[in-house]
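Each chain, written out:
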Amino acid sequence: MSSSSEKQTKIAIRNLYKIFGADPESVLEDVKAGMSKDDLMEQHRHVLGLNNINVDIKQGDITVMMGLSGSGKSTLIRHLNRLIEPTAGEVELDGVNIVDLNEKELRRLRREEMSMVFQHFALLPHRTVLENAGMALDVRGVPKSEFESEANKWLDRVGLQGLGEQYPHQLSGGMQQRVGIARALTSNSPVMLMDEAFSALDPLIRTDMQDLLLDLQEELKKTVVFISHDLDEALKLADHLVILKDGYVVQQGEPQEILMRPNDPYIVDFISDINRARVLRVRSVMEKTQDIPENVAGEIDYDDTLESVIALSAGETGLTFVVTRHGAQVGVLKMTDLVKALVPTAAAQDGMRSSAA
Amino acid sequence: MATYDFVFRALGLEDWCEAGGESSAPMSMDALVSQTTGEEASTSIWELPFPSMDALNQACPAFPQSRNVTLGLENGFLAVKDSMSVVLDPITQPLSWLLEGALYGILTTPWWIIIPLLLAIVWFISKSWKLLAFVALSIGGLAFIDYYSYAMQTLAIIMVCAFLCVLFGVPIGIAMSRSDRMRASTIPVLDMLQTLPPFVYLIPLIFLFSVTEPKLYGIAIILYAIVPVIRLTDLGIRMVDETVIEAANAFGMTKRQKLYGVQIPLALPNIMAGVNQTIMMSLAMVVIASLVSAPGLGVLVLRGINNLELGVGLVSGLGIVLLAVMLDRTTKAALDRINAAQKG
Ligand SMILES: Nc1ncnc2c1ncn2[C@@H]1O[C@H](COP(=O)(O)OP(=O)(O)O)[C@@H](O)[C@H]1O
Ligand SMILES: [Mg+2]
């Protein structure tokens, strides 16, 4: 997990608005002037879907968009491949505004640049698992004899060896979603969109799927946009976390940063229930220093979780650890600081909303 | 004096009424009755006639009688009939050829080719030994009692008409599923076709085409039977899971790829249910159509009624039931196989 500033922006979302209703243009000015979602509904009978979204999605990152049901996550991700047309704003892919694409260019983008994984799998029930996995190539006109090996390769990779001739309804939910992932991978697109891809699965299977995704990502380094309403999932997967509420971005940034410095009561609420020791990492809590402290109890890694440090300390609160990264010291962690970090944060006093509220 | 004289007096239309001239209008029934009995029309409130056209005509001879309405309709129809025939005749002529060809073909081909062919089709569609045995026994039985040629004529007509229903019905259903406007304008027509008693279609058709032409009953059957296949195609395509359609869009399918690769295959169970109903309705109509010279088992039913030949009527009725069961089971078996392939 390196800092994202050095990476290239793959997708840039700029001042994006989406209003659902009979005449969205007519109320756009009201929304830009700051009308809230509830007021817009009450006064103009329009639904505010997205409100001035600005997000940079970096190449090779997993960007997680999180929020409660109805906060606009699905609407936002569908703007990236224009399954939904924006009311105003831009979405740039490699610097090209996709809002300006004509039908043919848009089709090329959907076929070659972006693939999608759906919450309810959305496999074609009348086609075999193999044909489903090869769907992206089939759509491009590649004959089955040619896409078969590619589709089989990805089916094997997601753990579905030998199931190519089955039909989707013969598989369990978790296996169907593996087909969904294989389908997205077979398209060989640099961007993968996942709308609550694991939300419909049992907790244990969900964990497996998250591990599978991280594993694949290690190898493939795709640009993944992942939607979730589950904070634990978001924290596990995210390089960059975007928190949505009522269609606007409440806060975005590195997940550790958001945990340590939430800037809104909404987020404080959100993170109050999580096991902080399990998700917070040493690098977020340590004191950055090259000085070697007295009474060093041991060495810990920059990316270790606090939970593992607590286990190492066997509950002693007086200890101090040296933090290393690639073998070199980058900081020092006092157990007392660690314990302080475990106290749930109140909204930072000086926190500023990152977007129009 | 008539009950509604005052209406015309109040409107100041007496002159117009007089000018209408009593002599030109034929006498209405009431007038005739009152004339022969020599009584004035009663004015008691209990016997107040509804202000119908005939009642008003009595008060004012220039006012049209109700028979003028039916007469006018008839004249109007006869006036456009010739020009309609000029257009409709050539368009529908292929239907006559198809029906004549099918009837000729099925009767001139020897039975030892037709029966095995039918059995092969049933086997190919249903893959069920039980159904195959049932069909073999039924056709064999009908042939044994010398009803073979009638049953085959009925079957030939049904096959031609059901084929044309599917040929036209499925595209119409697809068009309806794609455009709400098209749907809104088609549904009243379908409702009308479905609620009109079949005898009523026959009336204008008899005027348009000559009774000896096969297309007359062909059109009647198609109009009656095409409705379910249209409705169920539309419904089937509209019911296709939206998330699957979204996935098809997200992977960049063209409209055409979506239609042939996703929508039609997923609507197929519904379309097949429509085909099944269409075939059953063709069968019902082909019996009625024997009134207008459709050959087959219906002719025998009609003979049973007209000549009070109880045995002929009952046996041909049984033959129709057997045909119905064969057609129904075979198409349902096809439907089941499609369902099994899609939803274990
Ligand atoms: N087609 C639509 N018409 C009207 N309102 C919509 C439509 N799609 C979504 N919305 C509204 O937009 C908001 C965001 O919806 P959605 O993006 O589905 O939320 P999420 O995926 O975060 O649960 C909700 O209030 C929803 O009711
Ligand atoms: Mg959603």
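Residues numbered from 1 in each chain as written. Chains lettered and ligands numbered in written order. Predicted model: local features only at pLDDT ≥ 70, side-chain atom pairs only at ≥ 80, totals over all residues. Heavy atoms only, no water.

### What about the overall build of chain B?
Moving on, step 1. Scanning chain B for helices and strands turns up 15 helices and 0 strands.
Moving on, step 2. In terms of overall dimensions, chain B is more spread out than a globule: its C-alpha atoms have a radius of gyration of 28 Å, far above the 20 Å expected for 344 residues.
Moving on, step 3. In terms of principal-axis extent, the alpha carbons of chain B reach across some 80 × 60 × 45 Å.
Moving on, step 4. Residue burial in chain B is summarised as follows: out of 344 residues, 43% are buried.
Moving on, step 5. Once local pairs closer than 6 in sequence are excluded, the contacts in chain B between residues at least 24 apart make up 77%. (Helix = DSSP H or I, 4+ residues; strand = E, 2+ residues; numbered from the N terminus. Rg over C-alpha atoms; globule rule 2.2 N^0.38 Å. Buried < 20%, exposed > 50% of the residue type's maximum accessible area, 1.4 Å probe, protein only. Contact = heavy atoms within 4.5 Å.)

### Here's the deal with the domain arrangement of chain B
Moving on, step 1. Taken domain by domain, chain B holds domain 1 (5-64) and domain 2 (81-343).
Moving on, step 2. The gap between the C-alpha centroids of domain 1 of chain B and domain 2 of chain B is 52 Å. (Domains from an automatic or database assignment.)

### Considering unusual backbone geometry
Residues and elements named next belong to chain A.
Moving on, step 1. Although it is not a glycine, Ala122 sits at a positive phi angle of roughly 55 degrees.
Moving on, step 2. By the secondary structure assignment, Ala122 is in the loop between strand 6 (114-117) and helix 5 (129-133).
Moving on, step 3. At His326, a residue that is not glycine, the phi angle is positive and equals roughly 50 degrees.
Moving on, step 4. Mapping His326 onto the fold places it in the loop between strand 12 (320-325) and strand 13 (328-334).

### Notes on the site of ligand 1
All names here are of chain A.
Moving on, step 1. Taken together, Phe20, Lys37, Val47, Leu68, Ser69, Gly70, Ser71, Gly72, Lys73, Ser74 and Thr75 form the complete shell of residues around ligand 1.
Moving on, step 2. Ser71 has a polar backbone atom sitting 3.3 Å from an oxygen atom of ligand 1.
Moving on, step 3. One nitrogen or oxygen atom from the side chain of Ser74 is found 2.7 Å from an oxygen atom belonging to ligand 1.
Moving on, step 4. Here ligand 1 loses 60% of its free accessible area of 550 Å² to cover by the protein chains.
Moving on, step 5. It is helix 3 (residues 73-80) that provides the largest number of residues to the shell around ligand 1, a total of 3 residues.
Moving on, step 6. When its residues are assigned to classes, the shell around ligand 1 shows 3 nonpolar, 6 polar and 2 charged. (Near = heavy atom within 4 Å. Polar contact = N/O pair within 3.5 Å; in protein donor to acceptor, adjacent residues only side chain to side chain. Areas by Shrake-Rupley, 256 points an atom, 1.4 Å probe, with all protein chains shown as cover. Nonpolar A, V, L, I, M, F, W, Y, C, P; charged D, E, K, R; others polar.)

### Let's talk about the sheet that holds strand 6 of chain A
All names here are of chain A.
Moving on, step 1. The strand order 6-7-8-3-9-10 describes an open sheet built from 6 strands, whose pairing is mixed. Two strands in the sheet have a free side with no partner beyond their single neighbour: strand 6 and strand 10 (248-253). Neighbour-to-neighbour, the strand axes of the sheet open up by a mean angle of 15 degrees, direction not taken into account.
Moving on, step 2. Where strand 3 (residues 62-66) and strand 9 (residues 240-245) come together, 4 bridges link them in parallel fashion. (Pairing = 2+ DSSP bridges. Axes fitted to C-alpha atoms, helices over the stretch in contact; angles between N-to-C directions.)

### Some thoughts on helix 6 (residues 111-126) of chain B
Residues and elements named next belong to chain B.
Moving on, step 1. Counted at 1.5 Å a residue, the expected span for helix 6 with its 16 residues is 22 Å, and the 22 Å between its end C-alpha atoms agrees.
Moving on, step 2. Turning to helix 6, the residues buried within the fold contact helix 5 (66-108), helix 7 (129-144), helix 8 (148-178) and helix 15 (310-342).
Moving on, step 3. In the stretch just after helix 6, Lys127 is the one whose phi turns positive, near 50 degrees. (Expected span 1.5 Å × (residues − 1).)

### What about the pattern of salt bridges?
Moving on, step 1. Here the structure, examined in full by the defined rule, presents 30 salt bridges over all chains.
Moving on, step 2. Taking the shortest distance from any N to any O, the salt bridge between Asp230 of chain A and Arg206 of chain A comes out at 3.1 Å. Pair noted here: Asp230 of chain A is in the loop between strand 8 (223-228) and helix 10 (231-237) and Arg206 of chain A is in helix 9 (residues 203-220), with a separation of 24 residues, a long-range link.
Moving on, step 3. For Glu213 of chain B, the salt bridge identified is with Lys215 of chain B, shortest N-O distance 3.5 Å. (Salt bridge = Lys/Arg side-chain N within 4 Å of Asp/Glu carboxyl O.)

### Focus on the side chain of Asp328 of chain B
Moving on, step 1. Within the secondary structure, Asp328 of chain B sits in helix 15.
Moving on, step 2. For Asp328 of chain B, a relative accessible area of 14% translates into the label buried.

### Section: the interface of chain B and chain A
Buried accessible area, meaning the area lost when the parts come together, often serves as the stated size of an interface.
Moving on, step 1. Contact with chain B, which involves 21 residues of that partner, is made by 24 residues of chain A.
Moving on, step 2. Note on chain B versus chain A: buried area summed over both sides is about 1800 Å², and carbon and sulfur give 67% of it.
Moving on, step 3. Among the residues chain B hides against chain A, the three largest losses belong to Glu246, Ala250 and Phe251 of chain B. Together they make up 35% of the total.
Moving on, step 4. On the surface where chain B and chain A come into contact, there are 1 salt bridge.
Moving on, step 5. With a shortest N-O distance of 2.5 Å, Glu246 of chain B and Arg78 of chain A are connected by a salt bridge.
Moving on, step 6. Counting every contact that joins chain B to chain A gives 7 residue pairs in polar contact (both at pLDDT 80 or more).
Moving on, step 7. Of all the elements in the fold, those that place two or more residues in the side of chain B that touches chain A are helix 12 (242-250), helix 13 (255-288) and helix 15 of chain B.
Moving on, step 8. If you tally residues by element for the side of chain B that touches chain A, the top one is helix 12 of chain B, at 7 residues.
Moving on, step 9. Classifying every residue of the side of chain B that touches chain A by side-chain character gives 11 nonpolar, 8 polar and 2 charged. (Buried area = accessible area lost by both parts, 1.4 Å probe.)

### Section: the side chain of Asn52 of chain A
Residues and elements named next belong to chain A.
Moving on, step 1. As for its position among the elements, Asn52 is in strand 2 (residues 47-58).
Moving on, step 2. At 3.3 Å, the side chain of Asn52 and the side chain of Asn54 are in polar contact.
Moving on, step 3. Sequence-distant contacts of Asn52, that is, excluding residues within four places in its chain, are made with Asn15, Leu16 and Tyr17.

### Here we look at the sheet that holds strand 2 of chain A
Residue and element names in this part refer to chain A.
Moving on, step 1. An order of 2-1-4-5 is seen for the 4 strands of this open sheet, with the pairing classed as antiparallel. Edge positions in the open sheet fall to strand 2 and strand 5 (96-97), since each of these has one partner strand only.
Moving on, step 2. Sheet topology places strand 4 (residues 88-93) next to strand 5; 2 bridges connect them, and they run antiparallel. From the neighbouring strand, Leu93 faces strand 5, where its bridge partner is Val96.
Moving on, step 3. Contacts between helix 1 (residues 24-32) and the sheet are confined to strand 1 (9-20), strand 2 and strand 4, with strand 1 contributing the most and set at about 110 degrees to the helix.
Moving on, step 4. Against the sheet, helix 2 (residues 37-44) touches strand 1 and strand 2, its axis set at about 145 degrees to strand 2.

### What to know about the domain arrangement of chain A
Residue and element names in this part refer to chain A.
Moving on, step 1. The domain boundaries assigned to chain A delineate domain 1 (4-271) and domain 2 (276-341).
Moving on, step 2. Taking only C-alpha atoms into account, the centre of domain 1 sits 35 Å from that of domain 2.
Moving on, step 3. The interface of domain 1 with domain 2 comprises 6 residues on the first partner and 7 residues on the second.
Moving on, step 4. Taken over both partners, the interface formed by domain 1 and domain 2 buries close to 620 Å², and the fraction arising from carbon and sulfur atoms is 53%.
Moving on, step 5. Looking only at domain 1, the three residues that lose the most surface to domain 2 are Gln256, Leu259 and Met260, adding up to 75% of its buried area.
Moving on, step 6. Put simply, domain 1 and domain 2 have 1 salt bridge between them.
Moving on, step 7. Ranked by residue count, the leading element in the side of domain 1 that touches domain 2 is helix 11 (residues 255-260), at 3 residues.
Moving on, step 8. In terms of residue class, the side of domain 1 that touches domain 2 is made up of 4 nonpolar, 1 polar and 1 charged.

### Notes on a negative patch on the surface
Moving on, step 1. Among the surface-exposed residues, Asp38, Asp39, Glu42 and Asp246 of chain A lie close enough to one another that they form a single negatively charged patch.
Moving on, step 2. Along the polypeptide, Asp38 of chain A turns up in helix 2. (Patch = residues over 30% accessible without salt bridge, like charges linked within 9 Å, V, L, I, M, F, W, Y side chains within 5 Å. Lys, Arg positive; Asp, Glu negative; His and termini not counted. Charge placed at Lys NZ, Arg CZ, Asp CG, Glu CD.)

### Here's the deal with the pairing of strand 11 (residues 296-301) of chain A
Residue and element names in this part refer to chain A.
Moving on, step 1. Of the strand pairs in this sheet, strand 11 and strand 12 are connected by 5 bridges, and their pairing is parallel. Within strand 12, the residue paired with Glu299 across the bridge is Val322.
Moving on, step 2. In this fold, the crossover linking strand 11 to strand 12 by way of helix 15 (residues 306-313) has right-handed handedness. (Right-handed = clockwise from strand over helix to strand, strands pointing away.)

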